[in-house]
Amino acid sequence: MSKILVTGGTGYIGSHTTVELQKEGFEVVIVDNLSNSNIDVLNGIEKITGIRPAFENIDCVDYVSMDRMFEKYQDIDAIIHFAANKAVGESVEKPLMYYRNNLVSLINILQLMPIHKVKSMVFSSSCTVYGQPDILPVTEQAPIKLAQSPYGNTKQIGEEIIHDTLAANADLQSIILRYFNPIGAHASAEIGELPNGVPNNLLPFVTQTAIGMRKQLSVFGNDYNTPDGSCVRDYIHVVDLAKAHVIAVKRLLEKNTNAQIETFNLGTGRGLSVLEIIETFIKVTGVDVPYKIVGRRSGDVEKVWADPSYANNVLGWTAAETVEETLRSAWAWEQNLAKRAEII
Ligand code: NAD
Ligand code: WQD
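Nothing here was measured: the structure is a model prediction, and the numbers come from that model.

Cut-off values and rules
Sequence order as written defines residue numbering, which begins from 1 separately in each chain. Labels follow written order: the first chain is A, the first ligand is 1, and so on. For this predicted model, a pLDDT threshold of at least 70 governs which residues receive local features, and a threshold of 80 or more governs which side-chain atom pairs are given and counted, while totals over whole chains, interfaces and linings are taken from all residues. Computation of side-chain values: all heavy atoms of the structure, hydrogens and water removed. Proximity is defined per residue: if any heavy atom of the residue lies within 4 Å of a molecule or strand, that residue is considered near it. Here a polar contact is taken to be a pair of N or O atoms separated by no more than 3.5 Å, where protein atoms must pair a possible hydrogen donor with a possible acceptor and residues adjacent in sequence count only if both atoms sit in side chains. Note on areas: these come from Shrake-Rupley sampling with a 1.4 Å probe, and a residue is covered only by the protein chains present in the view. In DSSP terms, a helix is any run of H or I states spanning at least four residues, a strand is any run of E spanning at least two, and both are numbered starting from the N terminus. Domain start and stop points were drawn from an automatic or database domain assignment. Multiplying one less than the number of residues by 1.5 Å gives the expected span of a helix. Relative accessibility thresholds used throughout: buried, under 20% of the residue-type maximum; exposed, over 50%; partly exposed, between the two (1.4 Å probe, protein chains only). It only takes one pair of heavy atoms within 4.5 Å for two residues to be counted as in contact. In this description, a disulfide is simply a cysteine sulfur pair whose atoms lie within 2.5 Å. Buried area, as used here, totals the accessible surface that two parts lose on assembly, with accessibility defined by a 1.4 Å probe and the loss added over both. What counts as a salt bridge is simple: a side-chain nitrogen of Lys or Arg found within 4 Å of a carboxyl oxygen of Asp or Glu. Residue classes follow a fixed rule: Ala, Val, Leu, Ile, Met, Phe, Trp, Tyr, Cys and Pro count as nonpolar, while Asp, Glu, Lys and Arg count as charged, and any other residue, Gly among them, counts as polar. Strands were regarded as paired on the criterion that DSSP finds at least two bridges between them.

### Focus: the site of ligand 2
Step number 1: Of all residues adjacent to ligand 2, which total 19 residues, the nearest are Ser126, Tyr151, Ser218, Arg233 and Asp300.
Step number 2: One nitrogen or oxygen atom from the side chain of Ser126 is found 2.7 Å from an oxygen atom belonging to ligand 2.
Step number 3: In the complex, 88% of the free accessible area of ligand 2, which totals 690 Å², lies under the protein chains.
Step number 4: Listing elements by their share of the shell around ligand 2, those giving two or more residues are α7 (202-210) and β8 (217-220).
Step number 5: Among the elements that line the shell around ligand 2, the one with the most residues is β8, at 4 residues.
Step number 6: Inspection of the shell around ligand 2 shows a minimum of three residues originating in each of domain 1 (3-183 + 235-266) and domain 2 (202-232 + 270-304 + 321-343).

### Thoughts on helix α11 (residues 323-343)
Step number 1: Between its terminal C-alpha atoms α11 stretches 31 Å, which fits the 30 Å expected from 21 residues at 1.5 Å a residue.
Step number 2: Within the span of α11, buried status applies to Val323, Thr326, Leu327, Ser329, Ala330, Trp331, Trp333, Glu334 and Asn336.
Step number 3: Against the buried residues of α11 lie β7 (181-183), α7, β10 (235-237), β12 (272-273) and α9 (274-285).

### Describing the state of the cysteines
Step number 1: Under the criterion given, the structure shown has 0 disulfides.
Step number 2: A disulfide-free cysteine, Cys127 has its sulfur positioned 12 Å from the sulfur of Cys231, the nearest such atom.
Step number 3: Judged by its relative accessible area of 12%, Cys127 is buried.

### A look at the domain arrangement of the protein chain
It is common to give the size of an interface as the accessible area that goes away when the parts come together.
Step number 1: Domain boundaries assigned for the protein chain yield domain 1 (3-183 + 235-266) and domain 2 (202-232 + 270-304 + 321-343).
Step number 2: Of note, the centres of domain 1 and domain 2, computed from C-alpha atoms alone, are 26 Å apart.
Step number 3: With both chains or domains summed, domain 1 and domain 2 bury close to 1100 Å², and 68% of this area falls on carbon and sulfur atoms.
Step number 4: Linking domain 1 to domain 2 there are 0 salt bridges.
Step number 5: A per-class count over the side of domain 1 that touches domain 2 returns 6 nonpolar, 4 polar and 1 charged.

### Overview of the pairing of β8
Step number 1: Alternating residues of β8 divide into Leu217 and Val219, all buried, and Ser218 and Phe220, none buried.
Step number 2: Judged from the 4 bridges that link them, β8 and strand β13 (residues 291-294) form a sheet pairing that is parallel. Note that in β13 the partner of Ser218 across the bridge is Lys292.

### Thoughts on the site of ligand 1
Step number 1: The environment of ligand 1 is made up of 28 residues, and the closest members are Asp32, Asn36, Ser37, Asn101 and Tyr151.
Step number 2: Asp59 has a polar side-chain atom sitting 2.8 Å from a nitrogen atom of ligand 1.
Step number 3: Residue Tyr151 places a side-chain N or O atom 2.6 Å away from an oxygen atom belonging to ligand 1.
Step number 4: Calculation on ligand 1 without its partners gives an accessible area of 820 Å², and the protein chains cover 95% of this total.
Step number 5: Only α1 (12-23), α5 (95-115), β5 (120-126) and α6 (150-167) provide two or more residues apiece to the shell around ligand 1.
Step number 6: In terms of residues, the shell around ligand 1 owes the most to one element, β5, which gives 3 residues.
Step number 7: Class assignment of the residues belonging to the shell around ligand 1 gives a composition of 12 nonpolar, 12 polar and 4 charged.

### Quick word on the side chain of Ser230
Step number 1: Tracing the backbone through its elements, the reader meets Ser230 in the loop between β8 and β9 (232-233).
Step number 2: Ser230 sits in the buried class, given a relative accessible area of 0%.
Step number 3: Among the polar contacts listed, one links the side chain of Ser230 to the backbone nitrogen of Val274, at a separation of 3.3 Å.
Step number 4: At 3.3 Å, the side chain of Ser230 and the backbone nitrogen of Leu275 are in polar contact.
Step number 5: Contact partners of Ser230, with chain neighbours within four places excluded, come to Val219, Gly221, Asn222, Tyr224, Ser273, Val274 and Leu275.

In structure tokens:
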């Protein structure tokens, strides 16, 4: 049984990926410092899969503790590196926190891989590296635009660090996955997104408004050059995203590729506007979402959606879930969170 280190494994995408890895027979070791997640996530993973993954409360920035962790779990076969801070606004206020956390974590892992004979790493990147693409849908060949935030810059620099490090070490292999907008939750509603404080992202704000935690959703702008004037994104079900990681890990471990680095867009290929998301959510849940149109949010890209054909053809992966099902799953998760809060 292959053993996979999942950094950030109690986080949103990491927890869903852990579930899919365990379902496929992988053994998972999670490293997370719980800076943006809760230890209870392990209960959710165990409820779904019947297996509690190994867990280490370690900060990936701490080289010595990471080194000891690799010693303890001797035979790690591959790493999926999710651990990072991801709030765009916070990164503008605290750039050094983002550069230190996101880049030192990655550097530590890349440095420790050859020492502990781990050859393969999957890296979480983002469509944010494309900024506002000139051509849509955006392919992996599109130029990388000047980063809009320190967070976005950590993903661009992170990709460059991987390229430079692998160029100097022929034994290492990596798959870089550029996610579009992950939303939704596991169908069991046992795990999902746990936003900290007031959500910055659209979907948690929609579900929290629907459940009455927030009075009103603000739609940031309806004067964009899009069919209904609101911004357009490629929203992808988090479980579809998780499954792509399992395929990527297998591709590396089973040596299905000779390329040292491959980069894939993970999106649906379909762009949806903010207003379409709100309307579809109301339609599938039957719950109203009060909203008002306000001014544009600074730094927002007008429209972006993926050309996922490279991932479709090469990985044999497609985003299978409908947006209706995805929004239903997000709502079920929000309701489950509310139920838990009442119990506590
Ligand atoms: P998340 O915050 O839910 O998960 C990240 C996890 O990493 C958290 O559990 C956090 O506690 C942990 N962590 C952070 N810094 C750490 C450190 N130094 N050491 C150990 N653990 C640490 O975020 P997510 O949405 O699951 O994102 C996972 C990855 O995907 C991140 O790299 C993020 O930048 C990237 N990404 C996310 C999105 C998105 O919209 N959610 C889009 C594109 C890329
Ligand atoms: C989606 C749309 C908002 C909240 C961010 C990061 C990006 C990536 C994914 C990690 C936009 C609108 C939102 C609200 C709104 N993360 N909106 N009202 O901005 O596409 O991307 O998450 O890599 O790097 O920048 O996602 O969910 O914040 O916004 O109208 O209360 O919803 O303007 O058009 P975004 P988002």
